[in-house]
Amino acid sequence: GTHRAATTTVRRASDDDEAMARGAWAALKRRLPPLVTGAWNAEAGDDDPLGALFNLALVRLPVIGAAGFFAYSLARDGSPLVVDFGFGGLPVVVPPGVV
C-alpha cells in the first residue's frame, strides 16, 4: 500500500525533473551559441540534459566569465595574470599568450 504510493510519487517527481531539465537544455541550446553550450551538433547533451546544464553552469560560464574579466583587465590597464601556487615561492606572472 503505502510503499507503492511513495515509490510512484518518487518516480513521477524524477520524471518531472527530467522533463524540466530536458526543456531547459533545449531552450538554452536554441538561444545560446555553441561556444557557450558546447552543443556543436543538434543532439549534443540530449542523452544527459541535467549533466549538460551542470557543465554549462559550473564549467563553461565560469571559464568564459574569467576569460572575459582577464581580457578586460589586460585591455584596460595591461595588468597581467599573477598566480600563486602556494608552495612558498613568489607569485608567477603568466604570459598572456599562455592564458
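What you are looking at is a predicted structure, and each value in this text was computed from that prediction instead of being measured.

Secondary structure summary: the protein chain contains 3 helices and 2 strands in total. Reading the protein chain from its N end, one meets helices and strands in the order α-α-α-β-β. In the protein chain, which comprises 99 residues, the proportion classed as buried is 15%. Considering only contacts in the protein chain between residues 6 or more positions apart, those separated by 24 or more positions represent 35%. Within the structure as shown, the protein chain displays about 7500 Å² of accessible surface, and the carbon and sulfur contribution to it stands at 66%.

Here the focus is the pattern of salt bridges. What the rule picks out here adds up to 3 salt bridges. Arg-22 is the partner of Glu-18 in a salt bridge, and the nearest nitrogen-oxygen pair spans 2.7 Å. Here Arg-22 and Glu-18 lie together in helix α1 (residues 2–31), a separation of 4 residues that amounts to about one turn. Judged by relative accessible area, which is 33%, Glu-18 ranks as partly exposed.

The next point concerns the environment of Met-20. Within the secondary structure layout, Met-20 lies in helix α1. A C-alpha to C-alpha distance of 9.1 Å links Met-20 and Leu-50, two positions 30 residues apart in sequence.

So, on to the nonpolar core. Counting residues in hydrophobic clusters, the biggest one holds 6 residues: Ala-21, Trp-25, Ala-39, Ala-44, Ala-52 and Leu-53. For Ala-39, the contacting residues outside a window of four places in its chain are Trp-25, Lys-29, Pro-34 and Ala-44.

Once that is clear, we can look at the confidence of the model for the protein chain. Averaged over all residues, the pLDDT of the protein chain equals 83, while 85% of them reach at least 70. Mean pLDDT values over the elements of the protein chain span from 74, in α1, up to 94, in helix α2 (residues 34–37).

The next subject is a nonpolar patch on the surface. Judged by side-chain polarity, Leu-50, Phe-54, Leu-58, Val-59 and Val-63 come together as a nonpolar surface patch covering roughly 500 Å² of accessible area. Mapping Leu-58 onto the fold places it in helix α3 (residues 49–77).

Scoring rules and cut-offs
- All chains use their own residue numbering, which begins from 1 and follows the written sequence.
- In view of the model being predicted, local features appear only for residues whose pLDDT reaches at least 70, and side-chain atom pairs are presented and counted only at 80 or more, with totals across whole chains, interfaces and linings using the full set of residues.
- The basis for the side-chain values is all heavy atoms of the structure; hydrogens and waters are excluded.
- The helix count covers DSSP runs of H or I at least four residues long, the strand count covers runs of E at least two residues long, and both are numbered beginning at the N terminus.
- Accessible area is worked out with a 1.4 Å probe on protein chains only. A residue is then buried under 20% of its type maximum, exposed over 50%, and partly exposed in between.
- Throughout, a residue-residue contact means that at least one pair of heavy atoms, one from each residue, lies within 4.5 Å.
- All accessible-area figures derive from a Shrake-Rupley calculation using a 1.4 Å probe, and residue coverage is judged against the displayed protein chains alone.
- What makes a salt bridge here is a side-chain nitrogen of Lys or Arg within 4 Å of a carboxyl oxygen of Asp or Glu, nothing more.
- To qualify as a nonpolar core, a set must consist of buried Ala, Val, Leu, Ile, Met, Phe, Trp, Tyr and Cys residues joined through side-chain atoms within 4.5 Å.
- A score from 0 to 100, pLDDT tells how confident the predictor is in each residue.
- Patches in this entry comprise residues that are over 30% relatively accessible and not in a salt bridge; like charges within 9 Å are linked, as are nonpolar side chains (Val, Leu, Ile, Met, Phe, Trp, Tyr) within 5 Å.

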